[in-house]
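For reference, the chains in residue letters:
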Amino acid sequence: MIAKTIKLNNGVLLPTVGLGTYRSKPGEVEEAVKIAIDAGYRHIDCAWFYLNEAEVGSAIREKIASGAVKREDLFITSKLWNNFHAKDAVVPKLKESLKALGLDYLDLYLIHWPFGTKEDAPLMPTENLQDCFSDVDYIETWQGMEEGHKLGLAKSIGVSNFNAEQIDRVLKNGTIKPVVNQVECNPNLNQKKLIEFCKQRDIAIVGYCPLGRSEYMGRPGFPEPTIFDPKVAEIGKKYNKSPAQVVLNYLVSLGISVIPKSVTKSRIVENIDIFDFTLSKEDIAYLDSCNKNKRVCPLTDFKDHKYYSFNAEF
Ligand SMILES: NC(=O)c1ccc[n+]([C@@H]2O[C@H](COP(=O)([O-])OP(=O)(O)OC[C@H]3O[C@@H](n4cnc5c(N)ncnc54)[C@H](OP(=O)(O)O)[C@@H]3O)[C@@H](O)[C@H]2O)c1
């Protein structure tokens, strides 16, 4: 099945379902990407931080070489990690992702998080945090992103995990408008206010952890993913769809794109097979009622960082 698309503010079309690749291990992600392309996925979500771009790229290139898909039909995203927020670090890191992927350009390059860490800090520090934080302003980082776009290395540029105020600062200080804000979005955290705020500014939302990162189920303090809610399974039965399909259909109906991760063939196929049913008003109302504003990815270790985004309401 081919996903519907959203038109970005620069005219580029973004498929509303993409394959997530975080925690997809080397040894399994290559196959997952090939299965996804065969199943109709045209949007793959990658990041320098996931440390698997070489394998993802190898699968993409194999599918292009075999004639299964053309490069121009794919929408490949990558992201700049926190240690490299200095303006001069952006283009070299973008080139590093392109080299690992074996591609000439990205369709979308994102600032992964608004807050930076020092270049030599651990990638995800858990101690001596204040020593690891850098105070490079993401406006400076955005200037590096604009440079990457002007060089033709990224057709579109955007941000991730930015709150409303941070989005407005980028709009005020940048010369290119971000096309996307990629943020966590699932029925536990439906992000309606941020979606509306971005819509008013013609910025699309890509929702990560759409399935609530189901493998973390049962971890203390972790929001129970809605795909395990018996009521969602009941809704699915009416349409002959799985709970995951119900949740993904609901999220796409909010006007966003979703990037469920899977390395399991049946689930990869299932997660894009969501465009042949429409949830009733009552079913949508139930999913709306699941909102608890609880995050899978609060990154609370960074809560004292000057540019931490989740202290604001949205
Ligand atoms: N911008 C950011 O800061 C950021 C943060 C987090 C994530 N992301 C992106 O968003 C993607 C998705 O988020 P996520 O990977 O954290 O969580 P997710 O997509 O919500 O959940 C993935 C989990 O759900 C399982 N799953 C997949 N399809 C399923 C189905 N149909 N039924 C039941 N379980 C299913 C997967 O298992 P199997 O793989 O074993 O099938 C995996 O354990 C990431 O991979 C990454 O690309 C971005």
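Refer to the structure printed above.
Residues numbered from 1 in each chain as written. Predicted model: local features only at pLDDT ≥ 70, side-chain atom pairs only at ≥ 80, totals over all residues. Heavy atoms only, no water.

## Side note on the side chain of Thr-21
The condition that has to hold: Per the convention used, a helix needs a DSSP run of H or I reaching at least four residues, while a strand needs a run of E reaching at least two, with both numbered from the N terminus. Contacts were defined at the residue level, with two residues in contact if any of their heavy atoms lie within 4.5 Å.
With respect to the helices, strands and loops of the structure, Thr-21 is situated in the loop between strand S3 (19-20) and helix H1 (29-39). In contact with Thr-21, not counting residues within four places along its chain, are Val-29, Ile-44, Asp-45, Cys-46, Tyr-50, Asn-52, Val-56 and Lys-261.

## With respect to the site of the ligand
Using the following cut-off: For this purpose, a residue is taken to be near a molecule or strand whenever a single non-hydrogen atom of the residue falls within 4 Å of it. N or O atoms within 3.5 Å of each other form a polar contact, as long as, within protein, one can give a hydrogen and the other can take it, and as long as residues adjacent in sequence are counted only when both atoms are side-chain atoms. Throughout, the Shrake-Rupley method with a 1.4 Å probe supplies accessible areas, and for residues the shown protein chains are the sole cover considered.
The ligand sits among 31 residues. The nearest are Asp-45, Arg-213, Glu-215, Ser-262 and Thr-264. Here an oxygen atom of the ligand sits 2.9 Å away from a polar atom, N or O, in the main chain of Tyr-22. Glu-215 is positioned such that a nitrogen or oxygen atom in its side chain is 2.6 Å from an oxygen atom of the ligand. Burial of the ligand by the protein chains amounts to 92% of its free accessible area of 910 Å².

## Points about unusual backbone geometry
The phi torsion at Asn-128 lies on the positive side, around 45 degrees, for a residue other than glycine. Along the chain, the position of Asn-128 falls in the loop between strand S7 (116-117) and helix H4 (129-132). We note that Asn-293 has phi near 55 degrees; this positive angle belongs to a residue other than glycine. By the secondary structure assignment, Asn-293 is in the segment after helix H11 (281-289).

## Thoughts on the packing of aromatic side chains
Stated formally: To pair, rings of Phe, Tyr and Trp, with the six-membered ring standing in for Trp, must have centres within 6.5 Å; the planes then decide the type, stacked if under 30 degrees apart, edge-to-face if over 60, and tilted in the middle. Relative accessibility thresholds used throughout: buried, under 20% of the residue-type maximum; exposed, over 50%; partly exposed, between the two (1.4 Å probe, protein chains only).
Counted according to the given criterion, the structure contains 16 aromatic pairs. Between the aromatic rings of Phe-115 and Tyr-308, the centroid separation amounts to 6.2 Å while the plane-to-plane angle is 25 degrees, which identifies the pairing as stacked. With Phe-115 in the loop between strand S6 (106-111) and S7 and Tyr-308 in the segment after H11, this pair connects stretches of sequence that are 193 residues apart. Assigned by exposure class, Phe-115 and Tyr-308 land together as buried. Between Phe-133 and Phe-302, the aromatic rings sit 5.7 Å apart at their centres with planes inclined by 25 degrees, giving stacked as the arrangement. With Phe-133 in strand S8 (residues 133-134) and Phe-302 in the segment after H11, this residue pair connects regions lying 169 residues apart in the sequence. Across the pair, exposure class does not vary: Phe-133 and Phe-302 are buried alike.

## Structural notes on the sheet that holds strand S4 (residues 43-45)
Rules: Pairing between two strands requires that DSSP report at least two bridges joining them.
Reading across from one edge, S3-S4-S5-S6-S9-S10-S11-S12 is the order of the 8 strands in this open sheet, with parallel pairing throughout. The open sheet terminates on both sides in strands that have one partner only, identified here as S3 and strand S12 (257-258). Pairing analysis gives 4 bridges linking strand S5 (residues 75-80) to S6, with the strands arranged parallel. Note on S6: the bridge partner recorded for Ser-78 is Tyr-109.

## Here we look at the pairing of strand S9 (residues 154-160)
Remember that side chains alternate between the two faces of the sheet whenever the strand is regular. This is how the line gets drawn: Note on handedness: a crossover is taken as right-handed if, strands pointing away from the viewer, the path from the first strand over the helix to the second is clockwise.
Of all 7 residues that make up S9, 6 are buried, and the element is covered over most of its length. Where S6 lies against S9, 5 bridges are found, and the strand directions are parallel. Of the residues in S9, the one forming a bridge with Leu-106 is Ala-154. Summarising the sheet, S9 and strand S10 (residues 180-184) pair through 2 bridges and their orientation is parallel. Looking at S10, one finds that Val-159 is bridged to Asn-181. Handedness of the β-α-β unit built from S9, helix H6 (residues 164-173) and S10 comes out right-handed.

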